[in-house]
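Spelled out, the chains give:
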Amino acid sequence: MIATYHWDDWALADLVATKGPTRVSLVVPARNEAATVGDVVTRVRDALMDTVSLLDEIVVIDSDSTDRTYAVAEDAGAVAHRSADIRPELGSHPGKGEAMWKSQFVTTGDVVVFMDADLLDWDTHFVPGLLGPLLTDPGVQLVKGFYERPFGDDPAAAFEGGRVTELVARPLVAVLFPQLAGLIQPLAGEWAIRRELFGSLTVPTGYAVELAALVDTVRGHGERSLAQVDLGRRAHRHQALRDLGAMSTQILAAALARSGREQDDLVMLRQFHPDGARVEAVEMMVSTLERPPAEELR
């Protein structure tokens, strides 16, 4: 059973006191989010660093942006890094997971909170809400957020924003990883993890990092190592349906690789489609590059 909480189950002052010497890093992976990343950084810094000392650092990892994301984040008070410039000898692979993986080399937190940069309707309680289980229960290793996700302004669409979650991730989890079926939003971009655990995980460079971390954590540490927290409401910029297809493909690839079925599926594909070029194209589509555990590269 995965423990479920509400963000206000912990008072902010109590979390600050409980935190003690534990260092906490907020990491914001961002790509072309100049319009919103400044507000994310400014509000969190004011509420959780300048007013109280819950966060020790706010780090924005710019994943190959072509706009002013880096400059806006830096001006707002974050420590900004370009993903490609972090450990350049390791190469660079554009993607959300890559930015999150590389953050391990430029952050100092014992606990790392991840937050997306494209938030439009949200509040700073997201961060303490995610930290609650990690700061109060030593058995919890990874915490996922979940929330009401509106799709547009129609009140009837208050829970219609998570298209990939509902159409791909949750059905996939229910079939392949039923121990995770109790998670409401396995792909949530707002989550937190102990640094030691994250450093031991292989990390897909694209969109599948959240699902991969969940599967690997529950396999290595059991369901009691996971928790989820109701964060209320969250809105963000929605992507085009065609872009969601690419995201879904990466998630499917990471899940199949962890289920042991990826190679079997490709063998079956070759049997039905002897056209080598077609098979090669599909293999490229369902493959996803994964970074090794960061602890091996320090």
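Conventions used here
- Residues numbered from 1 in each chain as written.
- Predicted model: local features only at pLDDT ≥ 70, side-chain atom pairs only at ≥ 80, totals over all residues.
- Heavy atoms only, no water.
- Helix = DSSP H or I, 4+ residues; strand = E, 2+ residues; numbered from the N terminus.
- Buried < 20%, exposed > 50% of the residue type's maximum accessible area, 1.4 Å probe, protein only.
- Polar contact = N/O pair within 3.5 Å; in protein donor to acceptor, adjacent residues only side chain to side chain.
- pLDDT = per-residue confidence, 0-100.
- Contact = heavy atoms within 4.5 Å.
- Phe/Tyr/Trp six-rings, centres within 6.5 Å; stacked < 30°, edge-to-face > 60°.

What follows deals with the environment of E148. Position of E148 among the secondary structure elements: in strand 7 (residues 142-148). Residue E148 is classed as partly exposed on the basis of its relative accessible area, which comes to 21%. Separated by 82 residues in sequence, E148 and D230 have C-alpha atoms that sit 8.8 Å apart. A polar side-chain atom of E148 sits 2.9 Å from a polar atom in the side chain of R233.

Turning to the confidence of the model for the chain, a few remarks are in order. For the chain, mean pLDDT is 87; residues scoring 70 or higher make up 83% of the total. Per-residue pLDDT stays below 50 along residues 156-161; that stretch engages in 14 contacts with residues further than four places along the chain or on separate chains. Across residues 265-270, where pLDDT falls below 50, the model places seven contacts with residues more than four positions away in sequence or in other chains.

Here we take up the packing of aromatic side chains. Within this structure, the stated rule accounts for seven aromatic pairs. Relative to W10, the ring of Y5 lies with its centre 5.2 Å away and its plane at 50 degrees, an arrangement referred to as tilted. Ring centres of W101 and F105 lie 5.3 Å apart, and the angle between their planes is 85 degrees; on these two criteria the pair is classed as edge-to-face. Take W101 and F105: they sit in the same class, and that class is buried. Members of the aromatic cluster, joined through ring pairs, are F114, W191 and F198.

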